[in-house]
Amino acid sequence: MKYKRVLLKLSGESLMGKKSFGIDNQRLNDYAQQIKDIYDVGVEVAIVIGGGNIFRGVQAEEGGMDRTHGDYMGMLATMINSMALQAALESAGIDSRLQSAIEMKEIAEPFVRRRAVRHLEKGRVVIFGAGTGNPYFTTDSAACLRAIEINADVILKGTRVDGIYTADPEKDPSAKKFDSITFDDVYKNGLKVMDMTAFTLCKENDLPIIVFDMDTSGNLKKVLLGETVGTVVSNEKVKEMIEELKMIYDEFKGSNDKSLKHLESELLKIRAGKASPSMLSGVMVDYYGSPTPLQQVANVNTMDARTLTVQPWEKSMLEEIMKAILHANLGFTPQDNGEVLIINIPPLTEERRRDLVKKAKAEGEHAKVGIRNHRKDAMDMVKSLKDEGLSEDMQKDAEDEIQNITNGFTKKVDELIDTKEKDIMTI
């Protein structure tokens, strides 16, 4: 079974069957048999049932009665239905307990969360009657509250329709059924699943709801087996979208990190006035036919503020290293003393310094172009998720996040260029 502990929410009207009022015993027995089918395979079952087949609090208000008084009358109606369902379950051989949110010690236990959980663990079906025990709260709210309290895996809302539709299927033949939908989309589309208090409780506690046709025998077990019956309302799609977006952000950041590292390596090649081994970081030497970084075939050291020395690991490589440095077109002319190469760094003129600053800024602009291209790719990936169920709000938040990441990397580029400019212009 897909779920170990479930809370089944039934409407009072569903017990009427084909009657216009009260309880249809045939329907009641069918429900008991469906519950037995999942009970027999070890599913822990709790039940909340409404009282609309007998009395609703809103009926009292419509007739001029105080709403609070009417709601308490509605709670008594749920107890009548709960007692009837308990009797049907016990006739089917199911051990059960009825708990009430208002004291009725002659017919029901008081609601005690720990006791309810213990009953479930011992293989008893627990029926929660009298709603929450408070007026102005529906049995939908009671179902969600009790499900959260007993740590149910899911709420199964048994109805007369086979799921959630884009419109009322009894009034609009073109209405389309959802196999799954997120809490946010239910709210955005104004779909009626539960009252807002109940619905918000489920969303905030990540408790999925399955709306299905309980009047079709066998459907309850099919739901528990994971078959596509009814409509699943959950945060799963949102979670999937969050994971997809996280992957997009990570890939975007990774691409920008590469752009920054490339910029840093290019800036190292732009020499300032002081000698630094990094000035030769881009030099590639022909090492027995294989292009190899200079630092892997020689030691590069700073003799003083204007002089670099290059000590080959193999003396025979002096000539190849000399060729490589000249070919790199860095403006250096190494001197070969037979043991090492000595490179004198000529002082930079004001004009040359400004040229180098321009070159550094050009490299910075090139890096920014790369970041902007990566941003476009990320934005396109976000837009492509709309077909997979990404909401407009999530899309906007994702686009804002991508722009924030872009701004952060652009700022890092500016900081690198500013630092390099100061380095170049410092005499």
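These notes cover the structure that comes with them. (Residues numbered from 1 in each chain as written. Predicted model: local features only at pLDDT ≥ 70, side-chain atom pairs only at ≥ 80, totals over all residues. Heavy atoms only, no water.)

A few points about the overall build of the protein chain
Okay, so step 1: Per the secondary structure count, the protein chain includes twelve helices and 17 strands.
Okay, so step 2: The globule rule puts the C-alpha radius of gyration for 427 residues at 22 Å, and the 37 Å found for the protein chain is more than 25% above it.
Okay, so step 3: The buried share among the 427 residues of the protein chain stands at 45%.
Okay, so step 4: Summing over all exposed atoms, the protein chain offers an accessible surface of approximately 22200 Å²; the carbon and sulfur share of this is 49%.
Okay, so step 5: Taking the average location of the 58 positive side-chain charges in the protein chain and that of its 68 negative ones, the two points are 2 Å from each other. (Helix = DSSP H or I, 4+ residues; strand = E, 2+ residues; numbered from the N terminus. Rg over C-alpha atoms; globule rule 2.2 N^0.38 Å. Buried < 20%, exposed > 50% of the residue type's maximum accessible area, 1.4 Å probe, protein only. Areas by Shrake-Rupley, 256 points an atom, 1.4 Å probe, with all protein chains shown as cover. Lys, Arg positive; Asp, Glu negative; His and termini not counted. Charge placed at Lys NZ, Arg CZ, Asp CG, Glu CD.)

Overview of a negative patch on the surface
Okay, so step 1: A contiguous patch of negative charge, built from Glu243, Glu244, Asp387 and Glu388, is present on the exposed surface.
Okay, so step 2: Checked against the element boundaries, Glu243 lands in helix 9 (residues 236-269).
Okay, so step 3: Owing to a relative accessible area of 48%, Glu243 belongs among the partly exposed residues under this scheme. (Patch = residues over 30% accessible without salt bridge, like charges linked within 9 Å, V, L, I, M, F, W, Y side chains within 5 Å. Salt bridge = Lys/Arg side-chain N within 4 Å of Asp/Glu carboxyl O.)

Digging into the layout of surface pockets
Okay, so step 1: Roughly 280 Å³ of internal volume is contained in the second largest pocket.
Okay, so step 2: Counting residues per element, the ones that place at least two in the lining of the second largest pocket are helix 9 and helix 11 (350-384).
Okay, so step 3: It is helix 11 that provides the largest number of residues to the lining of the second largest pocket, a total of four residues. (1 Å grid on protein atoms, 1.4 Å probe; cavity = no way out; pocket = protein on both sides within 12 Å on 5 of 7 lines; lining within 4 Å. Points joined across faces, edges and corners; volume = space filled by probe spheres on them.)

Observations concerning the sheet that holds strand 10 (residues 209-213)
Okay, so step 1: Taken in spatial order, the nine strands make up an open sheet running 4-3-5-2-1-6-10-11-9, and their pairing is mixed. If you trace the sheet from one side to the other, it starts and ends with strand 4 (109-110) and strand 9 (180-182), each paired once.
Okay, so step 2: For strand 1 (residues 5-10) and strand 6 (residues 154-159), the ladder comprises five bridges, and the chain directions are parallel. Looking at the pairing, Lys9 lines up with Lys157 of strand 6.
Okay, so step 3: Sheet contacts for helix 1 (residues 25-39): strand 1, strand 2 (44-49) and strand 5 (125-129); angle to strand 2, the most-contacted strand, approximately 155°. (Pairing = 2+ DSSP bridges. Contact = heavy atoms within 4.5 Å. Axes fitted to C-alpha atoms, helices over the stretch in contact; angles between N-to-C directions.)

Section: unusual backbone geometry
Okay, so step 1: The phi dihedral of Asp206 is positive, around 55°, even though this residue is not glycine.
Okay, so step 2: Structurally, the position occupied by Asp206 is in the loop between helix 7 (196-204) and strand 10.
Okay, so step 3: Residues other than glycine seldom take positive phi values, yet Tyr288 does so here, at roughly 55°.
Okay, so step 4: Note on placement: Tyr288 falls in the loop between strand 12 (284-287) and strand 13 (290-293).

Side note on the pattern of salt bridges
When the charged atoms of two side chains lie near each other, side chains of opposite charge can form a pair.
Okay, so step 1: The final tally for this structure, using the stated rule, is 22 salt bridges.
Okay, so step 2: For Lys188, the salt bridge identified is with Asp185, shortest N-O distance 3.6 Å. Of this pair, Lys188 and Asp185 are both found in helix 6 (residues 183-188), three residues apart, which corresponds to roughly one turn of the helix.
Okay, so step 3: On the basis of relative accessible area, Asp185 is assigned to the buried category, the value being 17%.
Okay, so step 4: Glu365 is paired through a salt bridge with Lys368; the nearest N and O atoms lie 3.8 Å apart.

A word on helix 10 (residues 318-327)
At 3.6 residues per turn, the α-helix brings residues three or four places apart onto the same side.
Okay, so step 1: Within the span of helix 10, buried status applies to Leu318, Ile321, Met322, Ala324 and Ile325. Looking straight down helix 10, one finds its buried side chains confined to an arc of 165°; they lie on one side. The exposed residues of helix 10 that point more than 90 degrees off its buried face are Glu319 and His327.
Okay, so step 2: Following helix 10 by one or two positions, Asn329 has its phi on the positive side, about 55°. (Arc of directions from axis to C-beta.)

Topic: helix 5 (residues 139-149)
Okay, so step 1: Here helix 5 lies mainly inside the structure; eight of its eleven residues are buried.
Okay, so step 2: Structurally, helix 5 contributes buried residues whose contacts are with strand 1, strand 2, helix 3 (67-91), strand 5, strand 6 and helix 7.
Okay, so step 3: For helix 5, the side-chain oxygen to backbone nitrogen distance between the N-cap and Asp140 is 3.3 Å, and the N-cap itself is Thr138.
Okay, so step 4: Directly after helix 5, the chain includes Asn151, whose backbone phi takes a positive value near 60°. (Polar contact = N/O pair within 3.5 Å; in protein donor to acceptor, adjacent residues only side chain to side chain.)

Some remarks on empty space enclosed by the protein
Okay, so step 1: Counted according to the given criterion, the structure contains one cavity of 30 Å³ or more.
Okay, so step 2: Its volume calculated, the largest cavity comes out at about 40 Å³.
Okay, so step 3: Mapped by element, the contributors of at least two residues to the lining of the largest cavity are helix 6 and helix 9.
Okay, so step 4: For the lining of the largest cavity, the element with the most residues is helix 9, which contributes three residues.
Okay, so step 5: Split into classes, the residues belonging to the lining of the largest cavity amount to three nonpolar, three polar and three charged. (Nonpolar A, V, L, I, M, F, W, Y, C, P; charged D, E, K, R; others polar.)

Digging into the nonpolar core
Okay, so step 1: Residues Leu8, Ile35, Ile47, Leu89, Leu156, Leu220 and Leu224 are the most contacted members of the largest nonpolar core, which totals 37 residues.
Okay, so step 2: Of all the elements in the fold, those that place two or more residues in this core are strand 1, helix 1, strand 2, helix 3, strand 5, strand 6, strand 10 and helix 8 (219-224).
Okay, so step 3: Considering each element in turn, this core owes the most residues, six residues, to helix 3.
Okay, so step 4: Each residue touching Leu156, except ones within four places of it in the same chain, is listed here: Val6, Leu7, Leu8, Lys9, Ile210, Phe212, Leu220, Val223 and Leu224.
Okay, so step 5: Formed by 29 residues, the second largest nonpolar core is a distinct cluster that contains Leu245, Leu260, Ile402 and Phe409. (Core = buried A, V, L, I, M, F, W, Y, C linked by side-chain atoms within 4.5 Å.)

What to know about the pairing of strand 1
Okay, so step 1: Across the six residues of strand 1, six count as buried, placing the element largely inside the fold.
Okay, so step 2: Side chains Arg5, Leu7 and Lys9 of strand 1 all project onto a buried face; the interleaved residues Val6, Leu8 and Leu10 project onto the opposite face, where all are buried too.
Okay, so step 3: On the question of chirality, the crossover connecting strand 1 to the parallel strand 2 by way of helix 1 is right-handed. (Right-handed = clockwise from strand over helix to strand, strands pointing away.)

Thoughts on the packing of helix 9 against helix 12 (residues 392-425)
Okay, so step 1: With their axes 11 Å apart at the nearest point, helix 9 and helix 12 run at an angle of 15° to one another. The orientation of helix 9 relative to helix 12 falls into the category roughly parallel. The way helix 9 lies across helix 12 gives a crossing that is right-handed.
Okay, so step 2: Partitioning the contact of helix 9 with helix 12 into residue classes produces 17 nonpolar, two polar and seven charged. (Parallel < 35°, antiparallel > 145°, perpendicular 65-115°, else oblique. Left-handed = near helix turned anticlockwise from the far one by under 90°.)

In short, geometric facts, not functional conclusions.
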